[in-house]
Structures are given as C-alpha cells and as structure tokens.
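Read off the chains here:
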Amino acid sequence: MVKLGTIVAGLGLLVLLHAGYSAAHYRQFIVAAEGEAAPAEDAPPLDAVVETIVGFLLCVAGVVSAAGQMLPVRGPAGGGRSADAHEGLPGFAVFSHRAVQLRRRTQALIAAKK
Amino acid sequence: MAQAGMSSAAGEGDDKGFLNAQNLMHNMKIITACRTSLCAVAGIATGILGCTGSMGLILYLITYATVSLALLAKMGFDRSDYTAAKKDSGIAGFLLEGLFGLSITFILFWTLAYALVYVY
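Residues numbered from 1 in each chain as written. Chains lettered and ligands numbered in written order. Predicted model: local features only at pLDDT ≥ 70, side-chain atom pairs only at ≥ 80, totals over all residues. Heavy atoms only, no water.

To be explicit about the condition: UniProt positions are given in the numbering used here, feature names are shortened, and annotations may be inferred rather than shown by experiment.
As named in an unreviewed UniProt entry, chain B is ER membrane protein complex subunit 6, taken from Tribonema minus. What the UniProt record of chain B gives under Subcellular location (unreviewed entry) is the line "Endoplasmic reticulum membrane".

By the naming in an unreviewed UniProt entry, chain A is Membrane magnesium transporter, taken from Tribonema minus. Of chain A, the UniProt comment under Sequence similarities (unreviewed entry) reads exactly: "Belongs to the membrane magnesium transporter (TC 1.A.67) family." For chain A, the Subcellular location (unreviewed entry) comment in UniProt is given as "Endomembrane system".

Listed below in structure tokens is the structure:
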C-alpha cells in the first residue's frame, strides 16, 4: 500500500513540473510577441511563481511524512533491561524436557479418537 | 533476543547514560535522506524561478531552513529525543546544519532546471 506522503510528494513534483512548463511556455509567448528571445532576467508570471512555491512545500510535506518513523534515542535510565532472567540467559534454555513424549501421546490420542 | 532491552554503549554519552546507537543511526539516515532529496527539489524550484547568482544562494538558505523546520516538526520540536543533541538545545544550530555538503546537489539541479526552462 502506497504511503500518503509518497502520493503528496509525487503531486508536488507534478505541480513543480507544471510550473516549469508554464514558465517555459511564457518565454515562448515573449518570443512570438516581440520577435526575439526573452532576456534571461524576465521572471516567470506570478501564478508560475506561486505554483513553484506550492509544489516545493507539497514535496517537503510529502517526503518528510513518508520518510518513516523516528525511534527514540534515549531509553530509560539504566538501559531498559528487564529483570526477567529467563529471556536472555542461556543457562535457562532447557533442551531435554518432556515435549517429545507429550507430542507422541497427544498424536496417539488424536489418532485413537478418529 | 540478546538485544531485548539492552542499549548498545556506542555513541556519545550524555549526563544520564548511553545513547541507543542503532536508533541514532536510523534517525540520522532518515534526516540525511530527507535533506538530500529535498535539496534536489529545492534546486529544481530555484531553477524554474530563474534565479541567478546571489539570489539563488539566498533561496538555498531559505529552502534549507524550511526543510530543517519540517524535520524538527517531525521530531516534535524536541531534538534531544531523537538525535545526540543535549536536552533543551536550541533549534538554530540544526536549521543550517550540513548545508555545505548538500550545496553541490542543489547547484546541480538548479543549473539543470535553469537550463531546461531558460535556455531551451
């Protein structure tokens, strides 16, 4: 499933591309009207400027929200260790226990019931 | 399972104890990736606007500060939770941090967009 932030960022890029296209188009108008290339100092029209800013802000919002969750860096004082020794200490990992027998008996019971 | 509840001791220590280096690296990766891609987008926007010279550099500073503000908002405006900054450190240092490294990216996309719109 695509993240909402990715969609917003893609939209922002599209808006930006559209603003660029309209700025280039504006310069072609000037060439057609005045018969020579537009001077490089000519700013694009106001709506293209606003569209550029809007596109950039959309991209910022989209990328920052789609970038993933930030994880906390400072845990509780003391390292957040749990007092439950059974989880981490390998000495408590028992391997020879009754599970083999238990499984055999359960399977036999299930088979007998059928 | 050995990781459960144990923070690694690498990274700068602060007054209380150790920083979780894994999470710190993860957060730094997010911040750098966001900044890089958004600097490229900012370059494209500056090129479309037709800025040259010093105006473009001013725009770089403004857009970089905007990107950093957005990242700060993502962190809830408290840097110390997610980066190695001290508690209650100001945001001013973060706003323009790392901008020299990304200036090349900005200039690349800036000249690209300017050439596409204004020269062709």
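Here the narrative resumes.
1. Description of the overall build of chain B
Operational definition: Secondary structure elements are taken from DSSP: a helix is a run of H or I of four residues or more, a strand is a run of E of two residues or more, and numbering for both begins at the N terminus. Any two residues whose heavy atoms approach within 4.5 Å at even a single point are treated as in contact. Note on areas: these come from Shrake-Rupley sampling with a 1.4 Å probe, and a residue is covered only by the protein chains present in the view.
A tally of regular secondary structure across chain B gives four helices and zero strands. Ordering the α and β elements of chain B from the N terminus gives α-α-α-α. Put simply, 70% of the contacts in chain B that link residues at least 6 apart link residues at least 24 apart. For chain B, the computed accessible surface area is about 6500 Å², with 68% contributed by carbon and sulfur atoms.

2. Observations regarding the overall build of chain A
Cut-off, in case you're wondering: Note on classification: 1.4 Å probe, protein chains only; a residue is buried when its accessible area is under 20% of the maximum for its type, exposed when over 50%, partly exposed between these limits.
On a plain count of helices and strands, chain A comes out with four helices and zero strands. Starting at the N terminus and ending at the C terminus, chain A contains elements arranged as α-α-α-α. Here chain A holds 114 residues, and 22% of them are scored as buried. Within chain A, contacts between residues separated by at least 24 positions form 65% of all contacts whose residues are at least 6 apart in sequence. Looking at chain A as shown, the accessible area adds up to about 8300 Å², and 67% of this sits on carbon and sulfur atoms.

3. Details of the nonpolar core
Rule in force here: Residue types Ala, Val, Leu, Ile, Met, Phe, Trp, Tyr and Cys, when buried and joined through side-chain atoms within 4.5 Å, form a set referred to as a nonpolar core.
Residues F56, V60 and V64 of chain A together with Y60, L71 and M75 of chain B are the most contacted members of the largest nonpolar core, which totals 34 residues. Listed by contribution, the elements that provide at least two residues to this core are helix 1 (4–34) and helix 2 (46–66) of chain A together with helix 1 (21–49), helix 2 (54–74), helix 3 (92–95) and helix 4 (99–119) of chain B. In terms of residue count, the dominant contributor to this core is helix 1 of chain B (nine residues). Discounting chain neighbours no more than four positions away, the residues touching V64 of chain A are C34, L38, A70, L71 and K74 of chain B.

4. Thoughts on the UniProt feature "transmembrane region" (unreviewed entry) in chain B
Residue and element names in this part refer to chain B. According to UniProt, the positions carrying the feature "transmembrane region" (unreviewed entry) are residues 30–49, 55–73 and 94–117. The span residues 30–49 is 100% helical and 0% strand by assignment, and the distance between its end C-alpha atoms comes to 28 Å. As a span, residues 55–73 carries 100% helix and 0% strand, and end to end its C-alpha atoms are 27 Å apart.

5. Quick word on the packing of helix 1 of chain A against helix 2 of chain A
All names here are of chain A. For clarity, the cut-off: Only C-alpha atoms enter the line fits that serve as axes; for helices the fit covers just the stretch in contact. Angles between N-to-C directions range over 0 to 180 degrees. Should an angle fall under 35 degrees it is taken as roughly parallel, and over 145 as roughly antiparallel, whereas 65 to 115 is taken as roughly perpendicular and any remaining angle as oblique. A clockwise turn of the near helix away from the far one marks a right-handed crossing, whereas an anticlockwise turn of less than a right angle marks a left-handed crossing.
Packing of helix 1 against helix 2 leaves a shortest axis separation of 7 Å and a crossing angle of 160°. On the basis of the axis angle, helix 1 is roughly antiparallel to helix 2. As for the relative orientation of helix 1 and helix 2, their crossing is left-handed in sense. Each of G5, T6, V8, A9, G12, L13, V15, L16, H18, A19 and S22 in helix 1 lies in contact with helix 2, whose residues at this interface are A48, E51, T52, G55, F56, L58, C59, G62, V63, S65 and A66.

6. Section: the UniProt feature "transmembrane region" (unreviewed entry) in chain A
What UniProt calls "transmembrane region" (unreviewed entry) maps, in this numbering, to residues 48–67 of chain A. Each end of residues 48–67 of chain A is marked by a C-alpha atom, and these two atoms are 28 Å apart; helix forms 95% of the span and strand 0%.

7. Notes on the interface of chain A and chain B
To keep things clear, this is the line we draw: Each of two parts loses accessible area, computed with a 1.4 Å probe, when they are put together; buried area is these two losses added. A pair is scored as a salt bridge if a Lys or Arg side-chain nitrogen falls within 4 Å of a carboxyl oxygen belonging to Asp or Glu. Counting of polar contacts relies on pairs of N or O atoms within 3.5 Å, with two restrictions inside protein: one atom must be capable of donating a hydrogen and the other of accepting it, and residues adjacent in sequence are counted only when both atoms are side-chain atoms.
Listed per partner, the contact involves 30 residues of chain A and 38 residues of chain B. For the pairing of chain A and chain B, the buried interface totals around 3000 Å² over both sides, and the portion due to carbon and sulfur atoms is 69%. Sorting the residues of chain A by area buried against chain B places M70, V73 and R74 of chain A first, and these three jointly supply 27% of that buried surface. Applying the counting rule to chain A against chain B returns zero salt bridges. Applying the counting rule to chain A against chain B returns ten residue pairs in polar contact (both at pLDDT 80 or more).

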